[in-house]
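Here is how the chains run, residue by residue.
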Amino acid sequence: MRFTENNWVIIKEKIDNMKGTIKQSQNNFDRNIRLDLLTADNELRPVLENILFEDGNAVVTNGYFLIIAPIKEISSLHDEIISKIEGKCIHKSHFKELLKCDYITDVTDKHIIALNNGIELHIPFANNPEQFPEYKDLFSIKETNFSEHQIKVNIKYLALICKVFQQYFPTLIFHGDRSPIELRFANRITRGLIMPVIGEN
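Residues numbered from 1 in each chain as written. Predicted model: local features only at pLDDT ≥ 70, side-chain atom pairs only at ≥ 80, totals over all residues. Heavy atoms only, no water.

A few words on the sheet that holds strand S4 (residues 89-91). Sheet strands line up and pair through hydrogen bonds in the backbone, either parallel or antiparallel. Here seven strands make up an open sheet; going across it, the order is S4-S1-S2-S3-S11-S10-S9 and the pairing antiparallel. Two strands bound the open sheet, and with one partner strand each, they are S4 and strand S9 (171-173). Each adjacent strand pair in this sheet contributes to an overall mean axis angle of 20°, direction not counted. For strand S3 (residues 65-70) and strand S11 (residues 191-194), the ladder comprises four bridges, and the chain directions are antiparallel. Bridge pairing in S11 places Phe65 opposite Ile194. Its contacts with the sheet place helix H3 (residues 92-99) against strand S1 (50-54) and S4, and it is angled at close to 85° to S4. (Pairing = 2+ DSSP bridges. Helix = DSSP H or I, 4+ residues; strand = E, 2+ residues; numbered from the N terminus. Axes fitted to C-alpha atoms, helices over the stretch in contact; angles between N-to-C directions. Contact = heavy atoms within 4.5 Å.)

Next up, the structure:
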């Protein structure tokens, strides 16, 4: 086959299109990190079923534990998209739907626009992100009252967190019998808090 200048132009266009597709396919959250599994199932406090994007982090809580994960650590989102989702909340069901998409194309005030097998989807943000529980001061709690011989942790919650982030050797930092226990992971900035189990059970 003899290549003409026109052949090379066509080949170059195909290569450029492939590069664009590869770049776009990287513009989404890591579908292996299921933040939606860390939310609550709580009809009385539906805000706990949301994931908050704030200060460049994804924040999730079920009322018993709290996780703060840098968005850049759990996604390949471009800086422009990260800035556009700042201050927004997304319901866990819509986040799960987003993970199935190939990539995010844009963000509006009310939606994340994403493509799934060539079909454009408008995935809505949750209402009233300001109702998300205040969490920032929780990490400043440094109580050091250890009156009990043992501090119990809900192993089910701990195992779930470790599974979601694929980190099976967390570091637990204790600050007191009834104070939140800090969670840290090797080679990750992601951090968390988990409440101790109070009582015999």
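From this point, things continue past the structure.
Turning next to the nonpolar core. Core analysis: the biggest nonpolar cluster contains 37 residues, and Phe29, Leu35, Leu38, Ile85, Ile112 and Phe165 have the highest contact counts within it. Looking at this core element by element, the count peaks at five residues for helix H4 (residues 155-165). Apart from the residues within four sequence positions on either side, Phe29 is in contact with Phe53, Ile71, Ile74, Ser75, Leu77, Ile85, Phe95, Leu98 and Leu99. Core analysis: the next-biggest nonpolar cluster, separate from the first, contains 13 residues, Val59, Leu66, Ala126 and Tyr135 among them. (Core = buried A, V, L, I, M, F, W, Y, C linked by side-chain atoms within 4.5 Å. Buried < 20%, exposed > 50% of the residue type's maximum accessible area, 1.4 Å probe, protein only.)

Read from one edge of the open sheet, three strands run S5-S6-S7, paired in antiparallel fashion. Strands at the two margins of the open sheet, each flanked by one partner only, are strand S5 (103-107) and strand S7 (119-124). The average undirected angle you get between the axes of adjacent strands in this sheet is 30°. Relative to strand S6 (residues 111-116), S5 is paired through four bridges, and the arrangement is antiparallel. Residue pairing in the sheet places Asp106 in a bridge with Ile113 of S6.

Okay, the side chain of Lys88 next. Here Lys88 lies in the loop between helix H2 (79-84) and S4. Buried and without a salt bridge, Lys88 has Asp109 as its closest oppositely charged side chain, separated by 4.3 Å. Looking at Lys88, its side chain comes within polar contact range of the main-chain oxygen of Asp109, at 2.9 Å. Leaving out residues up to four positions away in the same chain, Lys88 has contacts with Ile51, Leu52, Phe53, Asp109, Phe125 and Pro129. (Lys, Arg positive; Asp, Glu negative; His and termini not counted. Salt bridge = Lys/Arg side-chain N within 4 Å of Asp/Glu carboxyl O. Polar contact = N/O pair within 3.5 Å; in protein donor to acceptor, adjacent residues only side chain to side chain.)

Let us now look at the pairing of S6. Hairpin connection of S5 to S6: three residues between the antiparallel strands. Bridge count for S6 against S7 is six bridges, and the pairing is antiparallel. Paired with Leu115 across the two strands is Glu120, which belongs to S7. Linking S6 to S7, which pair antiparallel, is a turn of two residues; within it Asn117 sits at a positive phi near 55°.

What follows deals with the pattern of salt bridges. For the structure on display, the rule yields nine salt bridges. Here Lys136 makes a salt bridge to Asp55, at a shortest N to O gap of 2.8 Å. Here Lys136 is found in the loop between S7 and strand S8 (152-153), whereas its partner Asp55 is found in the loop between S1 and strand S2 (57-61), with 81 residues between them in sequence. Among the ionic pairs, Lys84 bridges to Asp106, the shortest N-O distance being 2.7 Å. Of this pair, Lys84 sits in helix H2 while Asp106 sits in strand S5; the two residues are 22 residues apart in sequence, bridging distant segments of the chain. For Lys84, a relative accessible area of 29% gives the class partly exposed. Overall, the relative accessible area of 28% leaves Asp106 in the partly exposed class. Linked through salt bridges whose partners overlap, the residues forming this network are Glu54, Asp55 and Lys136.

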